[in-house]
Amino acid sequence: MTISVSEMVRLAKIRLEPVAGEEAAQQAKLIVAAVIGAEPAALMVHTWAQVTEEQISMIGDILDQRLSGEPLQYILGEWSFMGLPFYVDERALIPRQDTELLAETAIKLIDEHNKKTCLDLCTGSGCVAVSISKIAKAHVTASDISSEALSLAQENAELNEVDISFIESDLFEQIDGKFDIITCNPPYLTKEDMQNLQKEVSFEPEIALFGGEDGLDIYRRIANEYKPYLNPEGILLLEIGSTQAESVASLFDAKSSVLSDLGGNPRVLVIEP
Ligand code: GLN
């Protein structure tokens, strides 16, 4: 028995509704597209096509995984950030659209102010470092405390054909030299946030999420340590939780400003010592 692509998408959407809510239709399309090997945007060109029995069973397995709470990104194994492809798996946090603001801000500064070198701390999947390297063509050094995250970031640098220097390091511990821009999306969830994690987020590494009791542990360490690593007129860009702008800014004895993401939430702190 085979069924049409549009019927398959409709059935998958109905099954996904309990876990995916408003995103059910979009996730159904992404799953069907991945299995039949079509570009999601071009899926409807294939509506006349039939989904084979083997493909129906593969889609069924993916839906079961998704219904158990596993994030779609981990199931598909690839996700887009800044319009670039990234491998994603349990080694690192899934790239968030909100984090594109951090990458975009760094890219803009590099383009407009002729900055040349960038250090990306807590690089995780490497999505920020790879985007900066690929789009702004700056020389990027990327570090993470997790060797597993770094191996994923390295695969993403290869996937996007960029040359990045990777260093396994607990923040600045193993870093040498000075940089024009330092970017960091550190773990910043509080103890309370960790107790109320969405099911999907609980599949992601705790080390990439938990920022200590009040979520600010890593910012405190960065505030104490970053200055020797910035060139004169260098800039530090930090992703922050939507309620953390003031508390993080107060840790730094430097001029700072806040940028908001597409949802209107404070998301990036720009620090210019
Ligand atoms: N923005 C992530 C979330 O809310 C948290 C990521 C982080 O701690 N850097 O799921």
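See above for the structure.
Rules of the game
- Residues numbered from 1 in each chain as written.
- Predicted model: local features only at pLDDT ≥ 70, side-chain atom pairs only at ≥ 80, totals over all residues.
- Heavy atoms only, no water.
- Helix = DSSP H or I, 4+ residues; strand = E, 2+ residues; numbered from the N terminus.
- Rg over C-alpha atoms; globule rule 2.2 N^0.38 Å.
- Buried < 20%, exposed > 50% of the residue type's maximum accessible area, 1.4 Å probe, protein only.
- Phe/Tyr/Trp six-rings, centres within 6.5 Å; stacked < 30°, edge-to-face > 60°.
- 1 Å grid on protein atoms, 1.4 Å probe; cavity = no way out; pocket = protein on both sides within 12 Å on 5 of 7 lines; lining within 4 Å.
- Points joined across faces, edges and corners; volume = space filled by probe spheres on them.
- Nonpolar A, V, L, I, M, F, W, Y, C, P; charged D, E, K, R; others polar.
- Near = heavy atom within 4 Å.
- Polar contact = N/O pair within 3.5 Å; in protein donor to acceptor, adjacent residues only side chain to side chain.
- Pairing = 2+ DSSP bridges.
- Salt bridge = Lys/Arg side-chain N within 4 Å of Asp/Glu carboxyl O.

Let us look at the overall build of the chain. The helix and strand tally for the chain stands at 10 helices and 11 strands. Its C-alpha atoms give the chain a radius of gyration of 20 Å, within 12% of the compact-globule value 19 Å for 273 residues. Counting only C-alpha atoms, the chain reaches 65 × 40 × 35 Å along its principal axes. By the burial criterion, 50% of the 273 residues in the chain qualify as buried.

The geometry of an aromatic ring pair comes down to the distance between the two centres and the angle between the two planes. On inspection of all chains with the given rule, the structure shows 3 aromatic pairs. With centroids separated by 6.1 Å and ring planes inclined at 85 degrees, the aromatic side chains of F81 and F86 adopt a geometry described as edge-to-face. Under the relative-accessibility criterion, F81 is labelled buried at 1%. Arranged with centres 4.5 Å apart and planes meeting at 15 degrees, the rings of F172 and Y229 form a pair that is stacked. With F172 in the loop between β7 (165–168) and β8 (179–184) and Y229 in the loop between α9 (217–225) and β9 (230–239), this residue pair connects regions lying 57 residues apart in the sequence.

As a further point, take the layout of surface pockets. Roughly 170 Å³ of volume is contained in the second largest pocket. Of all the elements in the fold, those that place two or more residues in the lining of the second largest pocket are α5 (100–113), β10 (255–260) and β11 (266–272). When residues of the lining of the second largest pocket are assigned to their parent elements, the largest contribution, 7 residues, is made by α5. Among the residues forming the lining of the second largest pocket, the class breakdown is 5 nonpolar, 3 polar and 4 charged.

In the vicinity of the ligand, the contacting residues are L93, R96, N185, P186, P187, Y188, A208 and L209. A distance of 2.7 Å separates an oxygen atom of the ligand from a polar atom in the side chain of R96. Residues that form the shell around the ligand fall into these classes: 6 nonpolar, 1 polar and 1 charged.

This part is about the pairing of β11. Where burial is concerned, most of β11 is hidden: 5 out of the 7 residues are buried. Pairing of β9 with β11 involves 4 bridges; the strand directions are antiparallel. Residue L237 lies in a different strand from β11, and its bridge partner there is V270. In this structure, β10 lies alongside β11, joined through 6 bridges in antiparallel fashion. Across the sheet, residue L259 finds its bridge partner in β11, namely V268. What sits between the antiparallel neighbours β10 and β11 is a turn of 5 residues, in which G264 has the positive phi angle 80 degrees.

Below, the discussion takes up the pattern of salt bridges. Tallying each qualifying case throughout the model produces 14 salt bridges. Notably, a salt bridge pairs K13 with E17, separated by 3.1 Å at the nearest N-O pair. On the criterion of helical spacing, the pair formed by K13 and E17 is a turn pair, its members being 4 residues apart in helix α1 (residues 5–20). Residue classification places K13 among the partly exposed residues on the basis of a relative accessible area of 32%. Across the pair R91 and D89 runs a salt bridge whose closest N-O atoms are separated by 2.8 Å. Connected via shared salt-bridge partners are D89, R91 and E155.

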